[in-house]
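Remarks on the overall topology
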Amino acid sequence: MIQLDAVTKHYGTEVAVQEVSLAVAAEQTTVLIGPSGSGKSTLLRLMIGLTRPDSGTVAVDSQQLTTANIRSVRHRMGYVIQEGGLFPHLTGWANASLMARHLGWSRDRIDARIEELTDLVQLAPDRLEQYPSELSGGQRQRVSLMRALMLDPDVLLLDEPLGALDPMIRADLQDDLRDIFRRLGKTVVFVTHDIGEAGFFGDHVALLHEGEIEQEGRMTALVNDPVSSFVTDFIQAQRAPLEQLSVEDRE
Ligand code: ADP
Ligand code: MG
């Protein structure tokens, strides 16, 4: 579905993405995980053509991204940027319907789609009259997701969509999102730095380290057959709930 071949991207002298080759399978969820600065967001931006590679190629459905076709390819992709990226001066409704209005959809068609989407993401329709600052974090992310889904894209690219939420709201949204991905059969690329979340969503997980893919495969393979001490360290860096307790305390 999305194919990156030996993609490299520098910012000045800094390498953000180094010779990355990755195949994103259709109708599956591919998770990009890794520490801050490892190149996750840059990879997403390369996939949607917001950043152009210095070398290497990005293809969507075997069609190489070029300046000529980027706009049409982008309309087939929904993108939720880190922090949600809703426009603060627009209501939820105006944010969610932005692209559809830009493309000249009729009011009836927009209303019908908005109704489907509020149902899908389980947002009370009256919430859409509010501005982003009047919504809770979880509601804002539901609106961001509606905006990304508005044009019914084949591909969803989500950059740490749940990163800013408190744990219980996050768990709720994780359940809802996984259900939505499965029901709609979308091709999803999901960025997180949370191992548990990666395992929960990822049919396929790619662990990034300093702009390179350190290891990719199923989460169980990363846990059981790590290819390097970096993989082991990254996975072990996230503590289990009882780790701080002494042996007597646990009994
Ligand atoms: P992640 O999403 O994994 O935290 P990023 O893809 O945002 O990582 O960043 C990878 C590297 O590229 C970092 O070192 C970051 O500082 C650098 N970088 C990313 N975007 C830019 C930019 N627009 N200008 C300069 N450096 C950037
Ligand atoms: Mg990032």
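None of these values were measured; they are calculated from a predicted model.

Looking at the element boundaries, Gly163 is found in the loop between strand 7 (155-159) and helix 7 (167-184). Taking C-alpha positions, Gly163 is 29 Å from His102, a pair spaced 61 residues apart along the chain.

In terms of nonpolar packing, the biggest core is built from 45 residues, with Ile33, Ile114, Met146, Phe181 and Phe190 touching the most fellow members. The two domains that each donate at least three residues to this core are domain 1 (1-76 + 154-219) and domain 2 (88-152). Those residues within four positions of Met146 in sequence are excluded, and the remaining contacts are Ala96, Ile114, Leu117, Thr118, Val121, Leu123 and Leu128. Leu46, Tyr79, Val155 and Leu208 belong to the second-largest nonpolar core, a separate cluster that totals 26 residues.

It is worth spelling out the sheet that holds strand 9 (residues 204-209) at this point. Pairing within the open sheet is mixed, and its six strands lie in the order 6-7-8-3-9-10. Only two strands of the sheet have a single neighbouring strand rather than two, namely strand 6 (77-80) and strand 10 (212-217). Taking each pair of neighbouring strands and ignoring which way they run, the sheet shows an average axis angle of 15 degrees. On the sheet, helix 6 (residues 137-149) packs against strand 6 and strand 7 and is oriented at approximately 160 degrees with respect to strand 6. Sheet strands touched by helix 7: strand 3 (29-33), strand 7 and strand 8 (187-192). Its angle to strand 8, the strand with the most contacts, is close to 160 degrees.

What follows covers the site of ligand 1. If you check the shell around ligand 1, you find Tyr11, Glu14, Ala16, Pro35, Ser36, Gly37, Ser38, Gly39, Lys40, Ser41 and Thr42 and nothing else. Glu14 is positioned such that a nitrogen or oxygen atom in its side chain is 2.7 Å from an oxygen atom of ligand 1. Against a free-state accessible area of 550 Å², the protein chains account for coverage of 62% of ligand 1. Those elements giving two or more residues to the shell around ligand 1 turn out to be strand 2 (14-24) and helix 1 (40-47). If one sorts the elements of the shell around ligand 1 by residue count, helix 1 sits on top with three residues. Considering only residue class, the shell around ligand 1 consists of three nonpolar, six polar and two charged.

Direction vectors running N to C along helix 6 and helix 7 enclose 15 degrees, while the axes themselves pass 11 Å from each other. Of the possible angle classes, the one that applies to helix 6 and helix 7 is roughly parallel. Classified by chirality, the crossing of helix 7 by helix 6 is right-handed. Within the contact between the two elements, helix 6 uses Gly138, Gln141, Arg142, Leu145 and Leu149 and helix 7 uses Ile169, Asp172, Leu173, Asp176, Leu177, Ile180 and Leu184. Considered class by class, the residues forming the contact of helix 6 with helix 7 number seven nonpolar, two polar and three charged.

To continue, consider the packing of helix 5 (residues 107-121) against helix 6. In contact at an axis separation of 10 Å, helix 5 and helix 6 are set at 135 degrees when each is read in the N-to-C sense. Between helix 5 and helix 6, the crossing angle belongs to the class labelled oblique. Here helix 5 and helix 6 pass one another in a crossing that is right-handed. Taking contact as the criterion, the partners of Arg113, Ile114, Leu117, Thr118, Leu120 and Val121 in helix 5 are, on helix 6, Arg142, Leu145, Met146 and Leu149. Here the residues of the contact of helix 5 with helix 6 are counted per class, giving seven nonpolar, one polar and two charged.

The next point concerns the pattern of salt bridges. All told, the structure shown has eleven salt bridges when counted by the stated rule. Residue Arg76 is joined to Asp61 by a salt bridge in which the shortest nitrogen-to-oxygen separation is 2.8 Å. Taken together, the residues Arg76 in the loop between helix 2 (70-74) and strand 6 and Asp61 in the loop between strand 4 (55-60) and strand 5 (63-64) connect sequence positions 15 residues apart. Here Arg76 falls in the partly exposed class, since its relative accessible area comes to 26%.

Let us now look at the environment of Leu162. Its place among the elements puts Leu162 in the loop between strand 7 and helix 7. Looking at Leu162, the relative accessible area reads 1%, which means it is buried. Residues Leu162 and Thr51, spaced 111 residues apart in sequence, show a C-alpha to C-alpha distance of 23 Å. Aside from chain neighbours lying at most four places away, what touches Leu162 is Gln141, Arg170, Leu173, Gln174, Leu177, Phe190 and Glu197.

Turning our eyes to something else, we now look at the packing of aromatic side chains. Counted under the stated rule, the structure contains four aromatic pairs. Residues Phe190 and Phe201 carry aromatic rings whose centres are separated by 4.3 Å and whose planes lie at 25 degrees to one another, so their mutual orientation is stacked. Of this pair, Phe190 sits in strand 8 while Phe201 sits in helix 8 (residues 195-201), and the two are eleven residues apart along the sequence. Under the relative-accessibility criterion, Phe190 is labelled buried at 0%. Ring geometry for Phe200 versus Phe201: centroids 5.2 Å apart, planes at 90 degrees, classification edge-to-face. One aromatic cluster is present, formed by Phe181, Phe190, Phe200 and Phe201 through successive ring pairs. Taking NZ or CZ as reference, Lys9 lies 5.4 Å from the ring centre of Tyr11, over its face.

Rules used throughout
Residues numbered from 1 in each chain as written. Chains lettered and ligands numbered in written order. Predicted model: local features only at pLDDT ≥ 70, side-chain atom pairs only at ≥ 80, totals over all residues. Heavy atoms only, no water. Helix = DSSP H or I, 4+ residues; strand = E, 2+ residues; numbered from the N terminus. Core = buried A, V, L, I, M, F, W, Y, C linked by side-chain atoms within 4.5 Å. Buried < 20%, exposed > 50% of the residue type's maximum accessible area, 1.4 Å probe, protein only. Domains from an automatic or database assignment. Contact = heavy atoms within 4.5 Å. Pairing = 2+ DSSP bridges. Axes fitted to C-alpha atoms, helices over the stretch in contact; angles between N-to-C directions. Near = heavy atom within 4 Å. Polar contact = N/O pair within 3.5 Å; in protein donor to acceptor, adjacent residues only side chain to side chain. Areas by Shrake-Rupley, 256 points an atom, 1.4 Å probe, with all protein chains shown as cover. Nonpolar A, V, L, I, M, F, W, Y, C, P; charged D, E, K, R; others polar. Parallel < 35°, antiparallel > 145°, perpendicular 65-115°, else oblique. Left-handed = near helix turned anticlockwise from the far one by under 90°. Salt bridge = Lys/Arg side-chain N within 4 Å of Asp/Glu carboxyl O. Phe/Tyr/Trp six-rings, centres within 6.5 Å; stacked < 30°, edge-to-face > 60°. Lys NZ or Arg CZ within 6 Å of the ring centre and 35° of its normal.

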